[in-house]
Amino acid sequence: MAHITFDTKNIENFVADHEFSEMQPLITMADQQLRNRTGAGAEYSDWVTLPTDYDQEEFARIQAAAKRIQSNSKILVVIGIGGSYLGAKMAVDFLNPVFNNELADDQRQGVKIYFAGNSTSAAYLNDLVRVIGDQDFSVNVISKSGTTTEPSIAFRVFKQLLEKKYGAAAAKERIYATTDANRGALHDEAQEQGYETFTIPDGVGGRFSVLTAVGLLPIAASGADIQKLMSGAKDAQDEYSDSNIEKNEAYKYAAARRILYDKGYTTELLINWEPSMQYLSEWWKQLMGESEGKNQKGIYPSSANFSTDLHSLGQYIQEGRRDLFETVVKLDNPVSNLDLPHEDGNNDGLQYLEGITIDEVNTKASQGVTLAHIDGGVPNLAVHLPAQDAYSLGYLIYFFEMAVGASGYTFGINPFNQPGVEAYKTAMFALLGKPGYEEATKAFRARLGE
Ligand SMILES: O=P(O)(O)OC[C@H]1O[C@](O)(CO)[C@@H](O)[C@@H]1O
């Protein structure tokens, strides 16, 4: 089966071949830390073998639950934030038609998926309640800790909506909780209330959890093929098993990023040319940023959606500060195509494009932009995706996970924790007056002049 490929030819002007061989010892060391589980945070590296070592019984329950949701609901509200949200959103968007939720029921493979609990916006929750209206729905609440404020608030709202609509007992049949196997507020509530539960394994951190029930249940409910997703990831696990940069493209990507970083290219833009891939970048940003951004080090992960953002960020990318490099994720074969419609005359100046497809325009645009950006001093890496399908996505997920696992160790940090996220939570809890934060409450309120 065709699989993703990684291409460094467009950094030739910026990086010499010998620089890759010089990076090999660092990558070999990182590979050993990762695979022998001797590096910092190794207890959270079970994702390395997840595609060949996952709970088959739970996988079957996920598929059964997805079928049940499809049979009794029009909508699945997926509640979660960060790693308990972005992987599912990425995959649901990538594997379904762009306007999936707006299609007629018989045009859609599975249920409509709406996400909640990923902000503190009241308007978002109010508007989603209005969208649901009198349609049948179920809820998948996802939280490893079970105490994250945003999803906890959203869960209250949608749990009460379910109870109002179906009654307390029937509401419980429509709630699916994905959480820690043994502990946490959500775990305890699920046990007490008898919700069907799915597990976020102890050894898999949030941002690496898309191939667990965290991603798999929403993805399956949307109608996408989670078996093929896992099989793409499994083939990637086999493919990226060598520590040699020349035999392992995930490590070649890690090495290329690290070489560029050392030369002052400290911001990486993940570029896509399909609107359905916008959330691939959002997922990738958490994966990279939360893993690498520690001890005042790490590549800042950003993204741009082309050609849209060429008309907003294009100027900066072409001529702004020269600390950017791009990684383009390019789809080699579009999921659907369109001929430019014929029109008599040439009032819109598009006659020269007649006879070629819109996807060819997309491809030529991407090639042209790459050349222009290289000329402007922006190194350009490329990941080619053969198809917009579950197999390729599973492969791609594993590619990025392996790359950041190794890359994190080259920075000498723990790629699997996220201590810095606590700072905002402390400030927020203090200002909200959460019990246990009394001293911090005084200090933060004083800073606001309260
Ligand atoms: O699944 P939880 O515990 O609700 O956490 C959600 C997200 O919050 C973080 O812990 C911090 O933002 C992420 O690492 C995680 O993906």
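Quick caveat: nothing in here was measured; it's all calculated off a predicted structure.

The rules behind these values
- Residues numbered from 1 in each chain as written.
- Predicted model: local features only at pLDDT ≥ 70, side-chain atom pairs only at ≥ 80, totals over all residues.
- Heavy atoms only, no water.
- Buried < 20%, exposed > 50% of the residue type's maximum accessible area, 1.4 Å probe, protein only.
- Helix = DSSP H or I, 4+ residues; strand = E, 2+ residues; numbered from the N terminus.
- Pairing = 2+ DSSP bridges.
- Axes fitted to C-alpha atoms, helices over the stretch in contact; angles between N-to-C directions.
- Contact = heavy atoms within 4.5 Å.
- Expected span 1.5 Å × (residues − 1).
- Polar contact = N/O pair within 3.5 Å; in protein donor to acceptor, adjacent residues only side chain to side chain.

A. Structural view of the pairing of strand 4 (residues 137–143). Most of strand 4 sits out of view: seven of its seven residues are buried. Judged by which residues are buried, strand 4 turns out to be covered on both faces: F137, V139, V141 and S143 on one side and S138, N140 and I142 on the other are all buried. Inspection of the sheet shows strand 2 (residues 75–79) paired to strand 4 by five bridges, in the parallel sense. Paired with I79 across the bridge in strand 4 is V141.

B. Focus on the sheet that holds strand 1 (residues 5–7). On the basis of which strands lie adjacent, the open sheet formed by five strands has the order 1-10-9-7-8 and mixed pairing. Of all strands in the sheet, those with a lone pairing partner are strand 1 and strand 8 (300–305), marking the two edges. For this sheet, the mean angle separating the axes of adjacent strands, direction not counted, is 20°. Pairing between strand 7 (residues 267–272) and strand 9 (residues 324–331): six bridges, direction parallel. Counted as the bridge partner of L270 is T327 from strand 9. In the packing of helix 11 (residues 278–292) onto the sheet, the strands contacted are strand 7, strand 8 and strand 9, and the crossing angle to strand 8 comes to about 175°. Where helix 14 (residues 390–410) meets the sheet, its contacts fall on strand 1, strand 7, strand 9 and strand 10 (380–385), and the angle it forms with strand 10 comes to roughly 145°.

C. View of helix 10 (residues 249–262). Taking 1.5 Å of rise per residue, 14 residues should cover 20 Å, and helix 10 covers 20 Å from first to last C-alpha, within 8% of that figure. Counted residue by residue, helix 10 has twelve buried out of 14 residues, so it is predominantly covered. Inspection of helix 10 places A250, Y251, K252, Y253, A254, A255, A256, R257, R258, I259, L260 and Y261 among the buried residues, and these make up the whole buried set. If you check the start of helix 10, you find a side-chain oxygen 3.0 Å away from the backbone N of A250, and it comes from N248. Directly after helix 10, the chain includes G264, whose backbone phi takes a positive value near 100°.

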